[in-house]
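Chain residues, written in single-letter form:
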Amino acid sequence: MFTYVIRRILMLVPVLFGVSVLIFLVMRIIPGDVAQTILGTDATPEALQQLREDFGLNLPLHIQYFNWMSGVLTLDFGESMRTGKEILPDILSRFTVTFELTLISALIAWIIAIPMGIIAAMKRNSNTDFGVRIVSLLGVSFPNFALATIIILVLALVFSYSPPVGYVGFFEDPFKNLEIMIIPAIVMGTSMAGAVMRMTRSSVLEILMQDFIRTIRAKGAKERVVIFQHALKNAMIPILTIIGLQVGTLLGGAVIVEQIFSLPGLGQLVLTAINQRDFMVVQGSVLFIAFIFVLVNLLIDILYAYIDPRISYK
Amino acid sequence: MFKKQYMYVLFIALILLLAACSNESSETEEGNDTTTETENESEESVSEETASDVEQVIKIANDQEPAGLDPHKTPAASSIRVYSKIYEGLVTFDENMEVEGQLAESWEQPDDTTYLFNLIEGVQFHNGREMTAEDVKYSFERILDEETASHIASYFAGIESIEVLGDYQVQFKLAEPDATFLSNLTHSGAVIVPQEVVEENGDLQQVAVGTGPFVFEEWVPDNSVTLTKNENYYLDGIPKLNRIEYYTMLEEASRLSAIRTGEIDMTTVNAQSAELLSGQEGVEIKDYQSLEYSYVGFNVEHEILSDVKVRQALSLATNRQEIVDIAWKGEGLVTGPIAPSMADWSIDVEAHELYSNDVDKAKELLAEAGYADGFDITITTASSYPDMVDTAQLLQQQWKEIGVNAEIQQVEWGEYIDIWSNTSADILVGRNGSGSDPDRAMNYFFHTEGSANVWNFSSDEYDTLVEEARRTIDLDARKEIYVEAQNLLLELSPNLFMVSPKNYVAVRDSVVDYVPYAHSTEDLDEVFKK
């Protein structure tokens, strides 16, 4: 197990290297010039040239990459081309917002999805089952941004309520923080719940049809025991996989939801940076997001082994 | 067996976590309800109170995150609205677009190329140091220094020397007479900054220390910018507000909902939203004619578009009023090269032949140019601006009538800027600001050497006119030259000038004395809350 984890962590290196090269090149290939974007239509050619030099954009590509990487390796992600702000502290502060949002959404999703998925599987083809399936399909297929906009409109027009403006951290003011977070979390949670619900249902269903379940039932075990001690445990692997992917993706920033609810998360940071062609910020954040994504999936793999003793890593 | 125990621990932990959280979320939902009620109550009681008891804090939703706070380096509108409260220039425009003093008490012009400014005495920067003539000299030298890479360097390229004549007197010498100099000084970037703050921080992107009515307090990225009252402001009784809080809210729907419920006091909105909000209790819509205008830019070196007859034909085939009615909901003015809100400078275009939408004449011109059957062409525009896309689509339809088949290419903003600066499109639909002086709209965009003349347009006759206008100090004579130059520009049609839109600001009715006008869209000096 230990060597497995070490090996996986070492595998991070080539993955992150690949991501860094890719994002570095992509940012330089896409059309759009950071100097022109910053200075706008009033810029003189001299001013544009000066800015490009300040950013080191006149250097050969491999030198630019080397300069960037040697910074990254010492945890110096450089400074934003737009605002001159240091990038890494900014990423980390955004990450706390995104992390909280992900956590609350995921909890909402699981609280809804796992019990409903199990019930649907137990009562297969009943009205309850159909109900759950329709709800989950809606959850999967209804776009986030539409749900978010509808909720905002209904709250404003019917209840004269809109979430407080201006983000505050959980530790500054927990109540205001949760008031700000709860609606975006519900929006994200419901769409996550759809997929988890479907996976739980089909996965539990599959297990329930296996021979060992029949054996357990034949022993006279109570249905509660059958479901929670035997079926769910075995059904957990695919559910965990999908949860891992969802959480990994969410931690990379929920661009649209963050934008609609004005949350200063990672997604918002990357989006603004892309629009402003702030290369350094985009590169740094994408690298960070890739790191988090790989890490979450590693955690899920380790969790597998705890949940299913048959899985062992050598 | 060992692993099984782990499993139980994990499972129990998970259940505990779930239980804890389900409590949490139900609590917050209850919490939600109570806060809503108290907020509503407090709102009601506020409206019954007198002005003096009301907290003088205004919350403004900013539709874009500021892109830095350095007034000498950042032209983004989201930045200007913040730093223009903190910094001041020598002079400014009043609501009639007349130059009036700001940090300069008075000024005189001993000869055509010399300007002498007398500064107000006793003005302090927010760090407590007195602002003097040395700061004026430093600020303009910083703008002109190539290392600064200032976006407004081109406005002041004509300055030959700046001389400090005393603590409160500074003299600018220009290389040649320049009628635009005073109005260029009103530019939001042409403000006075303290040298020591620049040197301490490298630049002013993250800090802001000026002489203005509001003091920079804090900028939390992608969240908020807070300004507080300058208690030592040199004008009595100004400002009236204690705090300005800007919140970055990218989404129009969120801004709308927040202004409806009173979470924010002020936000800019587009024409559609303005219509939605009209009649909403507690919200007022203020509008003003902007200095901007939309245009259709031609690459005049393009094989087909290089023929002036083709460009004139396209102008004739364009129904500008229809574009006002559809793309701008009827709220906007058909414009020439200088927007109508530039008071006396702009010409009346209604009567101009090329604005008559005469399709037959257009076909005739096209035939003369050798394109009797029309041609295929691409119109490029930015997808992020719905009005530009609408305009492009309307042009596509209108031009079909004379056989011109246009394909629309929508690009993202960063790419659009790239295409604009490299003239890599045949036809570009875009938007310009008329600036503070007609010289901007005329010289800068269309002179052969103009930095923003990306159209490859060149006319000796035109160049001579705008150069002369720049040198002509006498107002009436200058106006006459611009009338001639504008007519010539319409005739040569390197761009088609389309519509100058209205801008809209939604304001809660608790905000008193807020009047937006073209040059100062968000002057909060006299504003207070009741």
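Bear in mind that the values here come from a model prediction, so they are computed numbers and not experimental data.

Analysis parameters
Residues numbered from 1 in each chain as written. Chains lettered and ligands numbered in written order. Predicted model: local features only at pLDDT ≥ 70, side-chain atom pairs only at ≥ 80, totals over all residues. Heavy atoms only, no water. Helix = DSSP H or I, 4+ residues; strand = E, 2+ residues; numbered from the N terminus. Buried < 20%, exposed > 50% of the residue type's maximum accessible area, 1.4 Å probe, protein only. Contact = heavy atoms within 4.5 Å. Polar contact = N/O pair within 3.5 Å; in protein donor to acceptor, adjacent residues only side chain to side chain. Pairing = 2+ DSSP bridges. Axes fitted to C-alpha atoms, helices over the stretch in contact; angles between N-to-C directions. Domains from an automatic or database assignment. Buried area = accessible area lost by both parts, 1.4 Å probe. Salt bridge = Lys/Arg side-chain N within 4 Å of Asp/Glu carboxyl O. Nonpolar A, V, L, I, M, F, W, Y, C, P; charged D, E, K, R; others polar. Phe/Tyr/Trp six-rings, centres within 6.5 Å; stacked < 30°, edge-to-face > 60°. Lys NZ or Arg CZ within 6 Å of the ring centre and 35° of its normal.

### Observations concerning the overall build of chain B
Phase 1: Secondary structure assignment for chain B yields 15 helices and 21 strands.
Phase 2: If one aligns the C-alpha atoms of chain B with their principal axes, the spans along those axes are about 90 × 65 × 60 Å.
Phase 3: Expressed as a percentage of the 530 residues in chain B, the buried residues total 55%.
Phase 4: At a minimum sequence separation of 6, the contacts of chain B that also span at least 24 residues come to 69%.

### Considering the side chain of Asp437(B)
All names here are of chain B.
Phase 1: Here aspartate 437 is to be found in the loop between β17 (427-433) and α13 (438-446).
Phase 2: Here serine 183 takes part through its side chain, which lies 2.5 Å from a polar atom of the side chain of aspartate 437.
Phase 3: Aside from chain neighbours lying at most four places away, what touches aspartate 437 is Ala179, Thr180, Ser183, Asn184, Met342, Arg478 and Tyr482.

### So, the environment of Arg81(B)
Residue and element names in this part refer to chain B.
Phase 1: Assignment of secondary structure puts arginine 81 in helix α2 (residues 77-86).
Phase 2: Look at arginine 81 and you get buried, because its relative accessible area is 12%.
Phase 3: For the pair formed by arginine 81 and serine 520, sequence separation is 439 residues and the distance between their alpha carbons is 9.2 Å.
Phase 4: In contact with arginine 81, not counting residues within four places along its chain, are Ile60, Ala61, Asn62, Asp63, Tyr246, Thr268 and Glu522.
Phase 5: Of the polar contacts made by the side chain of arginine 81, one reaches the side chain of glutamate 522; its length is 2.4 Å.

### A look at the sheet that holds strand β13 (residues 292-298) of chain B
Pairing between the strands of a sheet comes from backbone hydrogen bonds, and it takes one of two forms, parallel or antiparallel.
All names here are of chain B.
Phase 1: Overall, mixed pairing links the 5 strands, which are arranged β16-β15-β17-β13-β18 in an open sheet. Edge positions in the sheet fall to β16 (405-411) and β18 (495-497), since each has one partner strand and no second. In this sheet, neighbouring strand axes are inclined to one another by 30 degrees on average, regardless of whether the strands run parallel or antiparallel.
Phase 2: Of the pairings in the sheet, the one linking β13 to β18 comprises 3 bridges and is antiparallel in character. Following the sheet pairing, valine 296 is matched in β18 by leucine 496.
Phase 3: Helix-sheet contacts for helix α12 (residues 413-422) involve β13, β15 (376-382), β16 and β17, and the interaxial angle to β17 is about 100 degrees.

### Digging into the domain arrangement of chain B
Many structure descriptions define interface size as the accessible area lost when the parts assemble.
Residues and elements named next belong to chain B.
Phase 1: We note that the domain assignment places domain 1 (67-201) and domain 2 (292-497) within chain B.
Phase 2: Of the residues lining the interface, 14 residues belong to domain 1; the matching set on domain 2 comes to 13 residues.
Phase 3: Interface area, domain 1 with domain 2, both sides summed: about 1,100 Å², of which 52% is carbon and sulfur.
Phase 4: Area buried by domain 1 at its contact with domain 2 is led by Tyr155, Ala179 and Thr180, which between them contribute 36% of it.
Phase 5: Counting across the interface, domain 1 meets domain 2 through 1 salt bridge.
Phase 6: Here aspartate 178 makes a salt bridge to arginine 470, at a shortest N to O gap of 3.1 Å.
Phase 7: Classifying every residue of the side of domain 1 that touches domain 2 gives 5 nonpolar, 6 polar and 3 charged.

### Considering the interface of chain B and chain A
Phase 1: Contacts between the two partners involve 60 residues from chain B, matched on the other side by 57 residues from chain A.
Phase 2: Interface area, chain B with chain A, both sides summed: about 5,200 Å², of which 60% is carbon and sulfur.
Phase 3: Between chain B and chain A we count 2 salt bridges in total.
Phase 4: Across the pair Arg94(A) and Asp222(B) runs a salt bridge, and its minimum N-O distance is 2.7 Å.
Phase 5: There are 10 residue pairs in polar contact (both at pLDDT 80 or more) connecting chain B and chain A.
Phase 6: Per-element tally for the side of chain B that touches chain A: the top contributor is helix α1 (residues 2-48) of chain B, with 15 residues.
Phase 7: Each residue belonging to the side of chain B that touches chain A can be placed in one class, and the counts come to 22 nonpolar, 21 polar and 17 charged.

### Overview of the packing of aromatic side chains
Phase 1: Across all of its chains, the model carries 29 aromatic pairs over all chains by this definition.
Phase 2: On the numbers, 6.5 Å between centres and 85 degrees between planes, the contact of Phe17(A) with Tyr65(A) is edge-to-face. Separated by 48 residues along the polypeptide, Phe17(A) in helix α1 (residues 2-29) and Tyr65(A) in helix α4 (residues 61-73) bring together distant segments of the chain.
Phase 3: In this structure Tyr65(A) comes out as buried when scored by relative accessible area, which is 15%.
Phase 4: With centroids separated by 5.6 Å and ring planes inclined at 90 degrees, the aromatic side chains of Phe117(B) and Phe172(B) adopt a geometry described as edge-to-face. Placement of the pair is Phe117(B) in strand β5 (residues 114-119) and Phe172(B) in strand β7 (residues 169-174), with a sequence separation of 55 residues. Each member of the pair, Phe117(B) as well as Phe172(B), carries the same accessibility label: buried.
Phase 5: Site record: aromatic cluster; members linked through ring pairs are Tyr293(B), Tyr295(B), Tyr444(B), Phe445(B), Phe446(B), Trp455(B), Phe457(B), Tyr462(B) and Phe497(B).
Phase 6: Here the guanidinium or amino end of Arg440(B) rests over the ring plane of Tyr155(B), the centre of that ring lying 3.5 Å away.

### Things to note about the pairing of strand β11 (residues 266-269) of chain B
All names here are of chain B.
Phase 1: Sheet topology note: the strand β1 (residues 57-62)/β11 ladder contains 2 bridges and is parallel. Opposite isoleucine 60, over in β11, you have methionine 266 as the bridge partner.
Phase 2: Relative to strand β19 (residues 499-508), β11 runs antiparallel, the two sharing 4 bridges. Of the residues in β19, the one forming a bridge with threonine 267 is alanine 506.

### Considerations on unusual backbone geometry
Phase 1: Residue Ile238(B) is joined to Pro239(B) through a cis peptide bond whose omega torsion reads -5 degrees.
Phase 2: Following the sequence through the fold, Pro239(B) ends up in the loop between β9 (224-229) and β10 (243-248).
Phase 3: A positive phi angle, close to 65 degrees, is found at Asn125(A), a residue other than glycine.
Phase 4: Position of Asn125(A) relative to the elements: it lies in the loop between α5 (87-122) and α6 (127-141).
Phase 5: Positive phi, close to 45 degrees, is recorded for Thr423(B), a residue that is not glycine.
Phase 6: The topology assignment puts Thr423(B) in the loop between α12 and β17.
Phase 7: Judged by its relative accessible area of 16%, Thr423(B) is buried.

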